Amino acid sequence: MVVREPDRKDSQRTIAKIVVFALGIVWGAVAAFVGRWTVEGLAGVYDVRAVISERNSTTSEGQHGPRTSYEVLAIGEDGRAIELPTRDTFGLADPVVARLSSVTDRVLSVRGATDVVEAHHPWEKITAMSLGWVLLVLAAIVLARLARPGIAWKSLPFLAGLAFAALVVLTPVGFGGTAYGEVSDPVPNFWELRRDLWGPPPVFARGQTAVSGDSAVRVLDSRSGPPEGAEAWLSGFHVLTLRIEASRFGDSALELSADEHGEPERVKDCAGAPGAFDGTTGLVCFVVPPGYRAEYLLVGKLEREVLLKLR
């Protein structure tokens, strides 16, 4: 039996197929990313109110020094877990609003009481789309030339590369998974932990003036929802707005008690609403977790902390 050794032309054909396959992967990856970015940018979106329930970080040594990766999970109002691309921007038990693509169910942005994290940056989208469309045109030209009678088989490695890249980029086995997960830890109740550490502080009845050191605070009114004139993003949250008056307030802390649903976060200057608290009187706004019921307003810090009942 005689085995024919591969000649030079066979080697060249093999190398050519590998190169064409690699080009297919490159063009396929860019095309898939551009297609997804285009769909997410042009299609509808929907908002999910959620509370951060897990925030884990892992630090490893990389080529350019230590590198920290984060896994942040939140629980939405429907009870499903959502993976958030927020790194360490928000803390445990913080209420957030995640904006997701209605087509891909991927997180496009996450907003909290003080920050917003954009996962679908406009400049990246424009750059990726521009580069992607150029490469797609080039790919179409290449395919048209390869598709001539008698040499159509040459396009097979290219098409295989395209299919492989699309599989990796768009399907859940690669980078195409949705933001939804199956399970998440319960939201931690920092209120119980705080009470265990510092004990029960003095409690003032509803309508009374809470005194903490030299500071005195009284709640004149409370209502659900953002105040008139606040920035539009605040309406995406569950909001509790208090109208208070204070004397000798200084740098005293002002918070709402937490519960098993999460920890309310104060919104700076009520997101631009007229009449925000100026240290003497005005509005104080908090974004609150879904299902939360306000029990106490916390005034002061640590050993000077006091509670004012809100209901």
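This one's a predicted model, so the numbers in the text were calculated from it and none came from an experiment.

Participant: Sorry if this is basic, but what is going on with the pattern of salt bridges here?
Facilitator: One side chain can pair with another of opposite charge once the charged atoms of both are near each other. One pass over the full model with this rule turns up 9 salt bridges. The partner of Glu40 in a salt bridge is Arg106, with the nearest N and O atoms 2.5 Å apart. Highlighted residues: Glu40 in helix α1 (residues 8-42) and Arg106 in the loop between β4 (95-101) and β5 (107-111), separated in sequence by 66 residues. As far as the burial class goes, Glu40 and Arg106 line up, both buried. Ionic pairing is found between Arg194 and Glu305, a salt bridge with its closest N-O pair at 2.6 Å. Taken together, the positions of Arg194 in helix α4 (residues 190-198) and Glu305 in the loop between β15 (296-299) and β16 (306-309) put the pair 111 residues apart, joining distant regions of the chain.

Participant: Got a minute to help me understand unusual backbone geometry in this structure?
Facilitator: Only a minority of non-glycine residues have a phi that is not negative, and only a minority of peptide bonds are not trans. At Asp105, a position not held by glycine, the phi torsion is positive, near 60°. With respect to the secondary-structure elements, Asp105 resides in the loop between β4 and β5. Relative accessible area serves as the criterion here: at 23%, Asp105 is assigned to the partly exposed category. Non-glycine residue Cys270 carries a positive phi angle of around 50°. One can find Cys270 in the loop between β13 (265-267) and β14 (281-288).

Participant: Could you clarify how one ought to interpret the side chain of Ser53 in this entry?
Facilitator: Mapped onto the fold, Ser53 is located in strand β1 (residues 45-62). Polar contacts involving the side chain of Ser53 include one to the main-chain carbonyl oxygen of Asp185, which spans 3.3 Å.

Rules behind the numbers
Residues numbered from 1 in each chain as written. Predicted model: local features only at pLDDT ≥ 70, side-chain atom pairs only at ≥ 80, totals over all residues. Heavy atoms only, no water. Salt bridge = Lys/Arg side-chain N within 4 Å of Asp/Glu carboxyl O. Helix = DSSP H or I, 4+ residues; strand = E, 2+ residues; numbered from the N terminus. Buried < 20%, exposed > 50% of the residue type's maximum accessible area, 1.4 Å probe, protein only. Polar contact = N/O pair within 3.5 Å; in protein donor to acceptor, adjacent residues only side chain to side chain.

Function cannot be read off these values alone, since they describe shape.
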